[in-house]
Amino acid sequence: MSDVDIEDVLFPDLDGLVMTDIEVGEDAVVVAARTCAPEAFCPACGTGSQRVHSRYERQLADSAVAGRQVVLKVLVRRFRCVAASCSRTTFVEQVGGLTFPHGRRSQRLHAVLQIVALMLAGRAGARLAAVLSSSVSRSTLLRLVRAMPDPQVKTPRVLGVDDFALRKGHIYGTVLIDVETRRPIDLLPDREAATLAHWLKEHPGVEVICRDRASAYAEGASLGAPNAVQVADRWHLFHNLTEAVERCVSRHSAQLREPEPAPSPEASAAAIAELEKIAQAGRADSRTAHRYADRTRERHRAVHALLAQGISQREVGRRLDLARGTIRRFARAATADELVAGKWQGRTSILDDFKPYLHQRWQEGCTSATALFDEIKAAGFPGGYSVVRDYLYPLRAGGKPSGRAKPPSVRDVTGWITRHPDSLTQDEALKLKAILARCPQLNSTADLVRTFAEMMAARSGRDDLAAWIERVNASNLPELGSFVSGIGCDLAAVVAGLSLPFSSGAVEGQVNRIKMLKRQMFGRAGLALLRKRVLLAA
C-alpha cells in the first residue's frame, strides 16, 4: 500500500495535514505528520494570521487500527495574532476534525470514549476501552461525561412528570419527559411543588402535563402552568381501584370458602347421639369421677379425728405430713364432699370427653372452630373457645377433610375481579362465579370494576364517569366510596386521564431506565452525573 493510501485511511477528510512518516510495531502504530495550512485563525478574535511564531510537536492518541494503538506525532505551529486589539499575543493552530485545545487525544477517539462513558459509565467503560486498545481510567471516563454540554431541548407540548429514588426511602428527585418523543428533558433535585412550578415558569409553552396522583405535582403544575391540562395516569387510577377492591374482598373473606355440605342423615344421627351422651355425662355427679376423691375423704376423716382429740393443727400437720394450709382447709370443711366438688376430673384435658365428637364433626366437613365450640358448649363444655381452637390447629395444619378444597386467597380473588375475563382460566372463572353468587357485595364490586375498566379502555370518562360515581355512592361499598372520594379531590385530572390519549407510560419507562443507570454506577450516581447520563444517552 502506498503512502497516499495509508494517509487516506488514517486521515480521511482532513485538510491542512501531511503525513511524513509511519512506524508499524507489534503493539502500536506511530504516525508522524505536520500541518500545512496557509494560515490559522485566532480563537479569541477570529482574525486570520500567517505569521509563524514557533513550532512544536503534539502527541495524540487515536483510535486503534487492527488491534494496535495509534499514536499521532503532529508538528504544529504557533502563530502571532495580528489584531492589535486582541488580548492574545500568540495561539496554536488546530487541525479541524483531529485536534482540540489542550487535548491529548484525537477528536474521533474522544468521541468514542464519550459514547462508551455514557453507555457504560466508569468501570465497565474502562474495561471496554481496554478491549478497544485505548487505555483510560474509570475516573477519566466520568470526567468526560461531566464535561459534556447539556443537549438543547425545546419545551415540550406534552410533559410527563414522575419521581425516582436517589436513595430509596430518603432522597427523591423528579424526572421530566417529553411524552410525544419519549425523551427525557431534565432531572430535578427533589419532588417539591415549588421546584416543579419554577421549572414550568422558566419553560413556558407546556399544554398537557401527565402525572401520577401525588398532591405535590398537582400543586406544582397548577402554580407553574395554570393553563395546562393535567392528566392523571390511568395505571395509577386502576392501581388505586385494585387496592380498594382488595380491601373489600378482605372484608368479605368469610364468603370465599365454599359452604359446608350437609351431612348425611346417618352421620347427623350419630353426631346427635354422641352429643347427647356427652351432655348426659356432664350432668351426672362429677364428684365420683375425681381420681383423688378417696384419698381426700381419708385425709378428711384423719384430720377431724385428731382434732376431736384436742390436738392442735400444727401437731396434726406434723403427724400426717401435711402443710398447715392443707390442715386448715380440711378443718374448715364440714364434709369431704366440699373438698371434692368442682375439682379436676382426672382428665389430661377438659376437652377429652368431647374429642370423639369433634373428630366426627371434622370428618363430616365442619372445620369452623367457632361452630364446633358453640355445639359442645351447649352440651356442657366448661372451657373457652381458645381450647377448641388450639386443639383443632394440628388437624387444620395436617390437611383438610376429604372433599373440602382450600379457599382462594384474598389476593387471588382480587386478581380475578380486576383482570380481563378472557385472561382467566376456566377453573378461575368458575370459582369467581361461585363466590360472586354467594356474596352480593362482591358481585356489585366486580360489576363496578368491569364498568370502570371498559370506560378506561374506551376513553369515555368525560361522558360516563359521573354516572359511575353515582352508582358507587348508591352501592353502599365503603372501600369503593373511599376511592371515589379520592377521585373527587382530583376530578379534572381524572376525567382527562380517562378521556385523553396521553399517559405516563413513557415516564415509567424512563424511571426504570434511571434505576438501571444507578445500579450500573454503584455509589457514584450523584444527581449531576446521573443527569448527564440520563439526558445525553437517551
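Treat the numbers as computed from the prediction; the structure is a model and nothing was measured. (Residues numbered from 1 in each chain as written. Predicted model: local features only at pLDDT ≥ 70, side-chain atom pairs only at ≥ 80, totals over all residues. Heavy atoms only, no water.)

Undergrad: Can you walk me through the sheet that holds strand 10 (residues 183-188) in this structure?
TA: In sheet architecture, strand pairing relies on hydrogen bonds along the backbone and comes in two forms, parallel and antiparallel. Reading across the sheet, the five strands line up as 10-9-8-11-12 and stay open at both edges, with mixed pairing between neighbours. Each having just a single partner strand, strand 10 and strand 12 (229-232) make up the two edges of the open sheet. For this sheet the average axis-to-axis angle between neighbouring strands, irrespective of direction, equals 30°. Pairing between strand 9 (residues 171-178) and strand 10: five bridges, direction antiparallel. Across the sheet, the residue bridging to leucine 176 is aspartate 186, located in strand 10. Sheet strands in contact with helix 22 (residues 505-520) are strand 8 (158-167), strand 9 and strand 10, and its direction is about 30° off that of strand 8. (Pairing = 2+ DSSP bridges. Helix = DSSP H or I, 4+ residues; strand = E, 2+ residues; numbered from the N terminus. Axes fitted to C-alpha atoms, helices over the stretch in contact; angles between N-to-C directions. Contact = heavy atoms within 4.5 Å.)

Undergrad: Please clarify how the nonpolar core should be interpreted in this entry.
TA: Burial of nonpolar side chains together is a common tendency in soluble globular proteins. Counting 37 residues, the largest nonpolar core has Leu241, Phe452, Leu465 and Trp468 as the members making the most contacts within it. Secondary-structure elements contributing two or more residues to this core are helix 7 (234-251), helix 16 (410-418), helix 17 (426-438), helix 18 (440-458), helix 19 (461-474), helix 20 (478-488) and helix 21 (491-497). Leu118, Leu141, Val145 and Leu530 belong to the second largest nonpolar core, which has 28 residues in total. (Core = buried A, V, L, I, M, F, W, Y, C linked by side-chain atoms within 4.5 Å. Buried < 20%, exposed > 50% of the residue type's maximum accessible area, 1.4 Å probe, protein only.)

Undergrad: Which parts of the structure should I look at to understand unusual backbone geometry?
TA: For residues other than glycine, phi is negative in most cases, and the peptide bonds are mostly trans. Even without glycine at this site, serine 133 takes up a positive phi of about 60°. Here serine 133 lies in the loop between helix 3 (123-131) and helix 4 (138-147). On the basis of relative accessible area, serine 133 is assigned to the buried category, the value being 18%. Not every positive phi belongs to a glycine, and asparagine 476 is a case in point at roughly 60°. With respect to the secondary-structure elements, asparagine 476 resides in the loop between helix 19 and helix 20.

Undergrad: What exactly am I supposed to notice about the pairing of strand 6 (residues 68-80) here?
TA: Across a regular strand the side chains alternate sides, sitting on one face of the sheet and then on the other. By the bridge criterion, seven bridges tie strand 2 (residues 28-35) to strand 6 in an arrangement that is parallel. Bridge pairing in strand 6 links alanine 33 to valine 74. As paired strands, strand 5 (residues 52-65) and strand 6 are joined by eleven bridges and run antiparallel to one another. Within the sheet, the bridge partner assigned to alanine 61 lies in strand 6 and is valine 71. Taking the residues between adjacent antiparallel strands as the criterion, strand 5 and strand 6 are bridged by two residues, where alanine 66 takes a positive phi near 55°. As paired elements, strand 6 and strand 7 (residues 90-92) share three bridges and run antiparallel to each other. Bridge assignment links phenylalanine 79 to a residue of strand 7, and that residue is phenylalanine 91.

Undergrad: I tried to follow helix 14 (residues 369-378) on my own but got confused; where do I start?
TA: Three or four residues apart is the spacing at which side chains of an α-helix point the same way, because the helix has 3.6 residues per turn. For helix 14, the complete set of buried residues consists of Ala369, Leu372, Phe373 and Ile376. Each buried residue of helix 14 sits inside an arc of 100° when the element is viewed along its axis, so together they form one side. Glycine 380 lies just past helix 14 and shows a positive phi near 110°. (Arc of directions from axis to C-beta.)

Undergrad: I'm lost on the packing of helix 7 against helix 16 in this one. Help?
TA: Each pair of packed helices gets described by two things: the angle between the helix axes and the distance between those axes. For the pair helix 7 and helix 16, interaxial distance at closest approach is 9 Å and the crossing angle is 130°. Classified by the angle their axes make, helix 7 and helix 16 are oblique. For the pair helix 7 and helix 16, the sense of crossing is right-handed. Taking contact as the criterion, the partners of Phe238, Thr242, Val245, Glu246, Val249 and Ser250 in helix 7 are, on helix 16, Val410, Arg411, Val413, Thr414, Ile417 and Thr418. Each residue belonging to the contact of helix 7 with helix 16 can be placed in one class, and the counts come to six nonpolar, four polar and two charged. (Parallel < 35°, antiparallel > 145°, perpendicular 65-115°, else oblique. Left-handed = near helix turned anticlockwise from the far one by under 90°. Nonpolar A, V, L, I, M, F, W, Y, C, P; charged D, E, K, R; others polar.)

Undergrad: Is there a simple way to explain the pattern of salt bridges in this structure?
TA: When the charged atoms of two side chains lie near each other, side chains of opposite charge can form a pair. Here the structure, examined in full by the defined rule, presents 18 salt bridges. Among the ionic pairs, arginine 301 bridges to glutamate 298, the shortest N-O distance being 2.5 Å. Highlighted residues: arginine 301 and glutamate 298, both in helix 9 (residues 293-308), separated by three residues, approximately one helical turn. Aspartate 390 is the partner of arginine 389 in a salt bridge, and the nearest nitrogen-oxygen pair spans 3.2 Å. The class of arginine 389 is partly exposed, set by a relative accessible area of 41%. Judged by its relative accessible area of 47%, aspartate 390 is partly exposed. Through salt bridges with shared partners, a single ionic network connects Asp150, Asp186, Arg531 and Lys532. (Salt bridge = Lys/Arg side-chain N within 4 Å of Asp/Glu carboxyl O.)

Undergrad: I would appreciate a short explanation of a nonpolar patch on the surface in the present structure.
TA: A grouping of Val112, Leu128, Val131 and Leu132 is seen on the molecular surface, where their side chains present a nonpolar patch of about 320 Å² in accessible area. Along the polypeptide, valine 131 turns up in helix 3. By relative accessible area, valine 131 is classed as exposed at 63%. (Patch = residues over 30% accessible without salt bridge, like charges linked within 9 Å, V, L, I, M, F, W, Y side chains within 5 Å. Areas by Shrake-Rupley, 256 points an atom, 1.4 Å probe, with all protein chains shown as cover.)

Undergrad: What exactly am I supposed to notice about the confidence of the model for the protein chain here?
TA: When pLDDT is low, close inspection of the predicted coordinates is not appropriate. When pLDDT is averaged along the protein chain, the result is 83, and 87% of the positions lie at 70 or above. Within the protein chain, the lowest mean pLDDT, 54, falls on helix 1 (residues 3-10), and the highest, 93, falls on helix 16. Counting interchain partners and residues more than four positions distant, the pLDDT-below-50 stretch residues 285-289 has seven contacts. (pLDDT = per-residue confidence, 0-100.)

Undergrad: Which parts of the structure should I look at to understand helix 2 (residues 107-120)?
TA: The terminal C-alpha atoms of helix 2, which comprises 14 residues, lie 20 Å apart, in line with the 20 Å expected from a rise of 1.5 Å per residue. Taken together, the buried positions of helix 2 are Leu109, His110, Leu113, Gln114, Val116, Ala117 and Leu118. Buried residues in helix 2 make contact with strand 5, helix 3, helix 4 and helix 23 (527-536). Positive backbone phi, approximately 65°, marks alanine 121, located one or two places after helix 2. (Expected span 1.5 Å × (residues − 1).)

Undergrad: When you look at the packing of helix 7 against helix 18 in this model, what are you seeing that I'm missing?
TA: Between helix 7 and helix 18, the shortest axis-to-axis distance is 11 Å and the interhelical angle comes to 175°. The angle between helix 7 and helix 18 places the two elements in the roughly antiparallel class. Between helix 7 and helix 18, the contacting residues are Arg234, Phe238, Leu241, Val245, Cys248 and Val249 on the first element and Leu442, Thr445, Val449, Phe452, Ala453 and Met456 on the second.

Undergrad: Teacher, can you tell me more about the side chain of aspartate 178 here?
TA: Tracing the backbone through its elements, the reader meets aspartate 178 in strand 9. Within the buried core, aspartate 178 has no salt-bridge partner, and the shortest N-O distance to an opposite charge, that of lysine 154, equals 7.2 Å. Only 3.1 Å separates the side chain of aspartate 178 from the backbone nitrogen of glutamate 180, close enough to count as a polar contact. (Lys, Arg positive; Asp, Glu negative; His and termini not counted. Polar contact = N/O pair within 3.5 Å; in protein donor to acceptor, adjacent residues only side chain to side chain.)

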